[in-house]
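Summary of the model geometry
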Amino acid sequence: MSEHEHSPVDFVQWGRPVHRWVSSEAFLSRPQHGSGLHSVTYAGGTIDLGFNGEPLGATRQRAIPVFFLGLTKDRDGALGPYFSGLNISAEIGTSSIMVADPTISDHGDLTLAWYAGCSEFEATAALHRLLKGIAERYDVDLLLVGGSGGGFAALSAAQAIGPRAQVFCWNPQSDVLRYVPETISAYLRSAYPASPVAYLDPAVDDDREKIRDYFDERGIRTVVGDPDDTSRVLLLQNGSDWHVRAHFRPYVERRGLELLPDLPAYHRGPAVAAIGSWGQGHVSPPRDVTVRAVQLMLGGRTAEETIRDLAGEFGAFFPDRPELRSGPSR
């Protein structure tokens, strides 16, 4: 299994109805919404939400899963929107929301954009406001779900939304600028071509911090897991992935998580970050593990309760102690 197991969905191929909204206010003014594509217009861009079932207003679920897109390969330059999570949603039998990455949708040359927007559209702030508005308007909690780059987006959104959001993610980047330099450079050149950082080298420390300052000035988060972060999170990390060194350990340290005495997991307050073993490298957890985690958290289990349940049901994937192998550094 790879991080691409839950392949992106092209909404045109999915064949669901399309609903277009002139603003977020217009979208949020409706008491409920039907299945299909909901395209919300902003100055500079569009946020596309895929609704599987009727998650808002009609089916009174206590929590709604919201799926974020990670790496999108084999596009051949085709524009989006693209979505992830439809298969998991169908398997758990619940209504859900899938969020397309606006920059991926509009830039056919990109494979990953972390929902960080582009020079034409401040997508991060718009998306966070929309999701927070959904939680408040429809009185629902949001379970933000994603892997790798989608995991970063889920963690970032949770910090912005606050207590109505919780996260289930796997192998996430915790610092966008510590990802593969070639991928970061491709994103900068495509999304911010006229900016002073477009052709800086993220592999060079000084250049990396200039890029970080550029995004900080625009209110775009490049690091998740601030010391004052109180987000409810269950993070699963494959132990042989290079992300252990570059992303997992720094996240654990920033949030001050401590090793549980009886589980391969670090814990503090509402956050758990666990090490598992389910393959070599940057690979997703087995589908059964992912589906079960979503079911448990939607059912009201805390992150610690969920990891204990997962370790009991899928013991082969969670050794007695975390084996913090990190692979090659990128």
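Okay, so let's go over this structure. (Residues numbered from 1 in each chain as written. Predicted model: local features only at pLDDT ≥ 70, side-chain atom pairs only at ≥ 80, totals over all residues. Heavy atoms only, no water.)

Time to look at the overall build of the chain. Across its full length, the chain carries 11 helices and 13 strands. Taking 20 Å as the expected radius of gyration for a compact globule of 330 residues, we find that the chain reaches 19 Å, a close match to that expectation. C-alpha atoms of the chain, sized along the principal axes, occupy 50 × 50 × 35 Å. The proportion of buried residues among the 330 residues of the chain is 59%. Sequence-distant contacts in the chain: of pairs separated by 6 or more residues, those separated by 24 or more amount to 68%. A total accessible area of about 13,000 Å² is found for the chain, and carbon and sulfur atoms account for 48% of it. One finds the centroid of the 31 positive side-chain charges in the chain at a distance of 3 Å from the centroid of its 41 negative side-chain charges. (Helix = DSSP H or I, 4+ residues; strand = E, 2+ residues; numbered from the N terminus. Rg over C-alpha atoms; globule rule 2.2 N^0.38 Å. Buried < 20%, exposed > 50% of the residue type's maximum accessible area, 1.4 Å probe, protein only. Contact = heavy atoms within 4.5 Å. Areas by Shrake-Rupley, 256 points an atom, 1.4 Å probe, with all protein chains shown as cover. Lys, Arg positive; Asp, Glu negative; His and termini not counted. Charge placed at Lys NZ, Arg CZ, Asp CG, Glu CD.)

Our next topic: the nonpolar core. Residues F27, F68, I134, L142, L144 and Y187 are the most contacted members of the largest nonpolar core, which totals 74 residues. Here F27 is in contact with W21, H33, H38, V40, L49, F51, L56, L130, I134 and Y138, once residues within four sequence places are set aside. Counting 35 residues, the second largest nonpolar core, distinct from the first, contains M98, W170, A265 and V291. (Core = buried A, V, L, I, M, F, W, Y, C linked by side-chain atoms within 4.5 Å.)

Along its 12 residues, helix α10 (residues 287–298) runs 17 Å from first to last C-alpha, staying within 8% of the 16 Å computed at 1.5 Å per residue. For α10, a buried count of nine out of 12 residues is recorded, marking the element as mostly surrounded by other parts of the structure. Turning to α10, its buried residues are R287, V289, T290, V291, A293, V294, L296, M297 and L298. Looking at the buried residues of α10, the elements they touch are β5 (63–68), α3 (86–92), β8 (141–147), β9 (165–170), β10 (232–238) and α11 (303–313). Note on α10: the residue one or two positions beyond its end, G300, has a positive phi of about 105 degrees. (Expected span 1.5 Å × (residues − 1).)

As a further point, take the sheet that holds strand β13 (residues 271–276). Within a sheet, each strand pairs with its neighbour through backbone hydrogen bonds, oriented either parallel or antiparallel. Spatial strand order, β2-β3-β4-β7-β5-β8-β9-β10-β13-β12-β11: 11 strands in an open sheet with mixed pairing. Lying at the two open borders of the sheet, with one neighbouring strand each, are β2 (18–21) and β11 (258–259). Examined bridge by bridge, β10 and β13 share six bridges and lie parallel to one another. Paired with Q237 across the bridge in β13 is I275. Where helix α6 (residues 149–161) meets the sheet, its contacts fall on β5, β8, β9 and β10, and the angle it forms with β8 comes to roughly 155 degrees. Taken strand by strand, α11 contacts β10, β12 (265–268) and β13, and its axis lies near 35 degrees from that of β10. (Pairing = 2+ DSSP bridges. Axes fitted to C-alpha atoms, helices over the stretch in contact; angles between N-to-C directions.)

In this section: the environment of Q61. Positionally, Q61 belongs in the loop between β4 (45–52) and β5. Its relative accessible area of 18% is what places Q61 among the buried residues. Residues Q61 and A165, 104 residues apart in the sequence, show an inter-C-alpha distance of 14 Å. Sequence-distant contacts of Q61, defined by excluding residues within four places in its chain, comprise T94, S95 and V140.

Turning our eyes to something else, we now look at helix α7 (residues 181–191). By the criterion of burial, α7 is predominantly enclosed, with eight of the 11 residues buried. When we look at burial in α7, the residues that qualify are P181, T183, I184, S185, Y187, L188, S190 and A191. In this structure, the buried side of α7 is in contact with α4 (102–106) and α8 (205–217).

Attention shifts here to the packing of α10 against α11. For the pair α10 and α11, interaxial distance at closest approach is 10 Å and the crossing angle is 145 degrees. Handedness of the α10/α11 crossing: right-handed. Two secondary-structure elements touch here, α10 through V289, R292, A293, L296 and M297 and α11 through T306, D309, L310 and E313. Residue classes in the contact of α10 with α11 are distributed as five nonpolar, one polar and three charged. (Left-handed = near helix turned anticlockwise from the far one by under 90°. Nonpolar A, V, L, I, M, F, W, Y, C, P; charged D, E, K, R; others polar.)

This next bit is on the pairing of β13. Buried residues dominate β13, accounting for six of its six residues. Neither face of β13 is open: one carries A271, A273 and I275, the other V272, A274 and G276, and all of them are buried. By the bridge criterion, four bridges tie β12 to β13 in an arrangement that is antiparallel. Paired with R268 across the bridge in β13 is A271. Here β12 folds back onto β13, and the loop between the two strands holds two residues, one of which, G269, carries a positive phi near 55 degrees.

Remark: helix α5 (residues 123–137) packs on α6, axes separated minimally by 9 Å, with the N-to-C direction vectors making an angle of 60 degrees. Accordingly, the angle class assigned to the pair α5 and α6 is oblique. In this structure, α5 crosses over α6, and the sense of that crossing is right-handed. Contacts between α5 and α6 involve H128, L131 and K132 from the former and S156, A157, A160 and I161 from the latter. Of the residues in the contact of α5 with α6, the class split is four nonpolar, two polar and one charged. (Parallel < 35°, antiparallel > 145°, perpendicular 65-115°, else oblique.)

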